[in-house]
Amino acid sequence: MASLGVGIVGLPNVGKSTLFNAITKAGALAANYPFATIDKNVGVVTLPDARLEALKKLFIKGDRVPPVVPTYVEFVDIAGLVKGAHKGEGLGNQFLANIREVAAIAHVVRCFEDPNVVHVAGTVNPLEDLETINTELALADLQTIEKRLEKLRKTARTDKDDKALLDVLEPLMAHLSEGHPARTFAAADPQALAKGAREMGLLTYKPVIYVCNVAEEDLPDGANNPNVAKVREAAAKENADVVVVSAKIEAELSELSEEEAAEYLQSLGLSESGLNRLVKVAYHTLGLQTFLTAGEKEVRAWTVRQGTKAPQAAGEIHSDLEKGFIRAEVIEWSKLVEAGGWAQGKERGWVRTEGKDYAVQDGDVMYILFNV
């Protein structure tokens, strides 16, 4: 699995726990995961994918229906945050350790008014909430960089890679000090920045999804909610995605059967749940894509990073397939459905033979030929 997970962060009483509980319940309903146990602070949600059902129909033989195994996104519930977390206050150290381990951040922001749910700051102000968390992450990054700079100033005289990193980090310090995240820093040497950010685990370099938690009447997109508009404006400055959800509605949906949930969504005028939208956006934010395998035994989705070559994609299925990779037979999923099966796809000339340098595309159906 290529994903390292999406960490869910947020201040107290913004709906973070409600949303995470809905995620874990949604995950508990799905089977066929490639692991037996899940940590209590990790929720796993399948990626909605209509392509799998379309492919499944091709390989039904009599009463034998191939099982469908979707891919998934991991969400990690990050320990609560308070001002001063970068100095270890509250659960600060745990918060920072957890967030270093995820590949992206889903930042839940309260955009609803409710006199029964007290806001930690006394008033609903999403921009202040964003600033509180972003400031803590930036301060933690500044501490990390300061420690690294001490060594770099000595080694940069003789090591060209360290010199390149030093030249990037000093102006980055100024950028962070002005309250801007590392991901918006226009470095003179972007490769040195990317390498250094990964090595140091810079928190503000991680991609962010802003999750606006709204009241039911603001669904589906919070178009008339001024707080959502403010978050969208802030997100646009750093080219981040915004997903509008109602954690309360997601919690209710997670308690229903698939049929009941579909009816409930329809009654709200929604085509899909906010959780489904969040999963899709998270997948995109993580730089992931899906390739498929399809036959009478199983129809399955596999996750790889965008740009992954065919042998490495084959390795996601089994390490032997990567070691002994010869070639891959590849067809676009919609062409396979249109043709009606592998044999018919080959007759029409739609099945291609691809070698070791082929970069797998989203929606490719692949059959791997290998020799071990």
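All of the points below concern the structure found in this document.

What counts as what
- Residues numbered from 1 in each chain as written.
- Predicted model: local features only at pLDDT ≥ 70, side-chain atom pairs only at ≥ 80, totals over all residues.
- Heavy atoms only, no water.
- Helix = DSSP H or I, 4+ residues; strand = E, 2+ residues; numbered from the N terminus.
- Buried < 20%, exposed > 50% of the residue type's maximum accessible area, 1.4 Å probe, protein only.
- Contact = heavy atoms within 4.5 Å.
- Areas by Shrake-Rupley, 256 points an atom, 1.4 Å probe, with all protein chains shown as cover.
- Expected span 1.5 Å × (residues − 1).
- Arc of directions from axis to C-beta.
- Polar contact = N/O pair within 3.5 Å; in protein donor to acceptor, adjacent residues only side chain to side chain.
- Phe/Tyr/Trp six-rings, centres within 6.5 Å; stacked < 30°, edge-to-face > 60°.
- Lys NZ or Arg CZ within 6 Å of the ring centre and 35° of its normal.
- Salt bridge = Lys/Arg side-chain N within 4 Å of Asp/Glu carboxyl O.
- Patch = residues over 30% accessible without salt bridge, like charges linked within 9 Å, V, L, I, M, F, W, Y side chains within 5 Å.
- Lys, Arg positive; Asp, Glu negative; His and termini not counted.
- Charge placed at Lys NZ, Arg CZ, Asp CG, Glu CD.
- Axes fitted to C-alpha atoms, helices over the stretch in contact; angles between N-to-C directions.
- Parallel < 35°, antiparallel > 145°, perpendicular 65-115°, else oblique.
- Nonpolar A, V, L, I, M, F, W, Y, C, P; charged D, E, K, R; others polar.

## Digging into the overall build of the protein chain
Step number 1: Counting its secondary structure elements, the protein chain contains 14 helices and 12 strands.
Step number 2: Within the protein chain, the proportion of its 372 residues that are buried is 49%.
Step number 3: At a minimum sequence separation of 6, the contacts of the protein chain that also span at least 24 residues come to 68%.
Step number 4: A total of about 18600 Å² of accessible surface is found on the protein chain, and carbon and sulfur atoms cover 49% of it.

## Re helix α7 (residues 226-237)
Step number 1: The end-to-end C-alpha distance of α7 is 17 Å, a good match for the 16 Å that 12 residues give at a rise of 1.5 Å each.
Step number 2: Among the residues of α7, Asn 227, Val 228, Val 231 and Ala 235 are the ones counted as buried. The buried side chains of α7 occupy one side of the element, clustering within an arc of 95° when seen end-on. Pointing more than 90 degrees away from the buried face of α7 are the exposed residues Pro 226, Glu 233, Ala 236 and Lys 237.
Step number 3: Where the residues of α7 are buried, they touch β5 (104-110), α4 (126-155), β6 (208-213) and β7 (241-245).
Step number 4: The N-cap of α7, judged by a side-chain oxygen 2.8 Å from the amide nitrogen of Asn 227 a few residues on, is Asn 225.

## Looking at the packing of aromatic side chains
Step number 1: This model, assessed by the stated rule, comprises 1 aromatic pair.
Step number 2: On the basis of an interplanar angle of 20° and a centroid distance of 6.5 Å, the ring pair of Phe 291 and Trp 302 is categorised as stacked. Residue Phe 291 is located in strand β8 (residues 288-294), and its partner Trp 302 is located in strand β9 (residues 299-305); the two are separated by 11 residues in the primary sequence. Of the two residues, Phe 291 and Trp 302, neither departs from the other in class, the shared state being buried.
Step number 3: The aromatic ring of Phe 112 is capped on one face by Arg 110, whose charged end is 4.4 Å from the ring centroid.

## Some thoughts on the pattern of salt bridges
Step number 1: With the rule as written, the count across this model stands at 17 salt bridges.
Step number 2: The shortest N-O distance in the salt bridge between Lys 346 and Glu 329 comes to 3.2 Å. Of this pair, Lys 346 sits in helix α14 (residues 342-347) while Glu 329 sits in strand β10 (residues 325-332), and the two are 17 residues apart along the sequence.
Step number 3: Exposure remark for Glu 329: the relative accessible area of 15% places this residue in the buried category.

## Let's talk about a negative patch on the surface
Step number 1: Among the surface-exposed residues, Glu 258, Glu 259, Glu 260 and Glu 263 lie close enough to one another that they form a single negatively charged patch.
Step number 2: Relative to the helices and strands, Glu 263 resides in helix α9 (residues 258-267).

## Focus: the packing of helix α8 (residues 247-254) against α9
Step number 1: The geometry of α8 relative to α9 is characterised by a closest axis approach of 9 Å and an angle of 150° between their N-to-C directions. It follows from the interaxial angle that α8 and α9 lie roughly antiparallel. In this structure, α8 uses Ile 249, Glu 252 and Leu 253 to contact α9, whose residues at the interface are Ala 261, Tyr 264 and Leu 265.
Step number 2: Of the residues assigned to the contact of α8 with α9, the class counts are 5 nonpolar, no polar and 1 charged.

## Let's talk about the packing of α4 against α7
Step number 1: Across the interface, α4 lies against α7 with an axial gap of 9 Å and an inter-helix angle of 40°. Relative to α7, α4 is oriented oblique. Seen from α4, the contacting residues are Pro 126, Leu 127 and Leu 130; seen from α7, they are Asn 227, Lys 230, Val 231 and Ala 234.
Step number 2: In terms of residue class, the contact of α4 with α7 is built from 5 nonpolar, 1 polar and 1 charged.

None of this, on its own, says anything about what the molecule does.
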